[in-house]
Structures are given as structure tokens and as C-alpha cells.
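# Notes for the structure review
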Amino acid sequence: SYALGLDGDRKVAIASYNATLANRFNKRAQRVMDSAAYKGIFPDTRIKGLSERSEYVRTASQAEVIGREGELFSVGREGSLTGNEVDIFILDDLYKDAMEANSPLVRDNCMDWYTSVVRTRMHNDSSELVVFTRWHDEDLIGTLLSREPHTYLTDWSQIADLPADRWLVVNFEALKEGPHTEIDPRREGEALWPQKHSPQLLEGRRALDPHRFRCMYQGSPAPEGGLLY
């Protein structure tokens with residue numbers, strides 16, 4: 001909704017592990033665009049009202065910006081985007097759970113869909129945002145990091161100098177690891193949100209299942225049986 005507010009001619013796609021979840025994200029963005037606050041900030045970006053008669057499309061999976069070229073659409077993993085060009089692709093939770101992420105077949109199918117559908121819908125000026133729980137070190141994010149240039153974000157000045165073909169990697173651990181940086185000034189061992197998840201609570205979860213803790217809370221999975229500390 002923010003991206004379309006800045007430029008109502010953009011085509012934004014949202015993908016998730018199935019169409020139901022992707023459409024839920026789509027409807028949340030549509031509700032933001034229906035709000036009075038949004039209309040006050042971005043008066044030139046408008047979608048069809050729920051009770052409004054208009055030739056513009058508005059469904060759970062697609063919303064067109066009135067009077068502009070932009071639209072918001074959603075798709076489930078392995079779904080089709082034939083004929084749709086994408087300016088901004090948001091991929092959120094492409095694996096349903098740890099069982100899917102630990103399946104070589106599911107990971108391969110996900111990668112095939114990404115290369116044959118997602119990448120083929122984008123152009124020189126397209127942008128991607130990939131965000132999900134790192135259940136496995138060879139998931140989509142792990143594969144992209146092993147094959148494509150990337151930079152870990154440590155200070156804000158990096159954004160202005162980032163090449164167009166480079167991934168920017170951001171990871172906030174539940175318990176801080178490594179030295180503090182400009183974007184994450186916490187000290188080693190400090191919790192990300194101590195009012196909600198205290199260091200004591202997180203340490204208890206780590207003791208219960210170290211492997212799952214690194215996946216769900218630290219964003220740095222490692223092969224089970226091959227953990228090194």
C-alpha cells in the first residue's frame with residue numbers, strides 16, 4: 001500500500017506458500033488503502049470501494065488503482081502469473097512450516113517456481129523483498145545468498161551505495177549475536193523485544209531445542225547434527 005501510494009502506476013505482487021495466505025495479505029493492504037489516514041496521505045492512489053460500481057477490478061487476489069496503471073495482486077507458491085509484469089515482488093513465508101522446508105522436493109519445487117515464474121515477471125527496475133522463517137540452510141534465501149551478490153546491512157549509508165543487482169540482507173536475532181552496529185546497537189546477548197520475550201525466556205527456549213531456536217529466533221539455520229558452537 002505504501003509503494004502504491006508513492007507511485008500509483010506500480011504493479012505489486014504478493015506471494016506466499018498458498019493463495020489463501022497471499023490473498024489475506026492482499027486484503028490487509030486493501031484495508032489500509034481504504035482508511036481515511038491513507039486517503040489523506042495519498043489522495044491520488046485509490047482503489048474501488050467495496051460497494052462502489054466501477055469498471056476497475058477489486059477482488060481478494062487483485063486490486064487496480066483507479067485512473068492509474070498500478071495494481072496489487074497475489075499468488076500462491078507454484079501459482080501462475082502469465083502476462084503480468086511486476087515492479088515490486090514481495091515473497092512472504094514460501095514454506096508452510098519446518099516439514100515443508102526440510103523436504104528436498106518442496107525446496108526444489110519452490111526454487112523452480114521462483115526461477116520460472118517470479119524472475120521471469122520482473123524487469124531491469126524491479127525490486128524484490130523476501131522474508132520468512134529460516135527453517136533450513138538450503139531454503140530459498142540460503143540458495144540466493146550462495147549464488148548471488150549480497151551485502152549485510154550494518155549502517156544506513158550502505159543503502160544509498162547499494163548496486164542494483166545486489167541483495168541487502170537484514171537479520172535481527174531474538175538474542176543479539178556479534179558486535180553492535182548502527183542499525184542494531186544492542187550488546188551481545190540482549191533481547192530484541194525484552195518486554196515481550198525476555199532473555200531468560202529465550203534462553204529457556206534455546207535450551208529446549210537449540211536447532212529450532214536458531215531457525216525460528218535467530219534466523220541462522222544449520223544442518224541438524226552438524227551444529228558447531
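Now for a quick tour of the structure. (Residues numbered from 1 in each chain as written. Predicted model: local features only at pLDDT ≥ 70, side-chain atom pairs only at ≥ 80, totals over all residues. Heavy atoms only, no water.)

### Things to note about the state of the cysteines
This is how the line gets drawn: Here, a disulfide means two cysteine sulfur atoms that sit within 2.5 Å of each other. Exposure categories follow from relative accessible area, calculated using a 1.4 Å probe and restricted to protein chains: below 20% of the type maximum is buried, above 50% is exposed, and the middle band is partly exposed.
Taken as a whole and judged by the stated rule, the model has zero disulfides. Counting only cysteine sulfurs, Cys 215 is the nearest neighbor of Cys 110, a cysteine outside any disulfide, at a range of 16 Å. Judged by relative accessible area, Cys 110 falls into the buried class, the value being 0%.

### Some thoughts on the packing of helix α8 (residues 199–208) against helix α9 (residues 210–218)
What counts, and what does not: Lines fitted to C-alpha atoms define the axes here, with helix axes fitted over just the stretch in contact, and angles between the N-to-C directions of these axes take values from 0 to 180 degrees. Helix and strand assignments follow DSSP, with helices taken as H or I runs no shorter than four residues and strands as E runs no shorter than two, numbered in order from the N terminus. Every angle not falling under 35 degrees, over 145, or within 65 to 115 is termed oblique; those three ranges are roughly parallel, roughly antiparallel and roughly perpendicular. Contact between two residues is taken to exist if any of their heavy atoms lie within 4.5 Å; hydrogens are not considered. Classification convention: Asp, Glu, Lys, Arg as charged; Ala, Val, Leu, Ile, Met, Phe, Trp, Tyr, Cys, Pro as nonpolar; all other residues, Gly among them, as polar.
Following both chains from N to C, one finds α8 and α9 inclined at 130°, their axes separated by 5 Å at the closest point. Here α8 lies oblique to α9, going by the angle between them. Counted together, Leu 202, Arg 205, Arg 206, Ala 207 and Leu 208 of α8 and Pro 210, Phe 213 and Tyr 217 of α9 form the full contact between these two elements. Its residues placed into classes, the contact of α8 with α9 shows six nonpolar, no polar and two charged.

### Quick notes on the pairing of strand β3 (residues 71–76)
Note the threshold: Pairing between two strands requires that DSSP report at least two bridges joining them.
A large share of β3 lies buried, amounting to six of its six residues. Of the two faces of β3, the one holding Glu 71, Phe 73 and Val 75 and the one holding Leu 72, Ser 74 and Gly 76 are both buried throughout. Alignment of strand β1 (residues 11–16) against β3, held across six bridges, turns out to be parallel. The residue of β3 that forms the bridge with Ile 14 is Ser 74. Pairing of strand β2 (residues 62–64) with β3, which is carried by three bridges, proceeds in the antiparallel orientation. Across the sheet, Glu 64 pairs through a bridge with Glu 71, a residue of β3. In this antiparallel pair of consecutive strands, β2 and β3, the connection spans six residues, and Gly 67 shows a positive phi of 75°.

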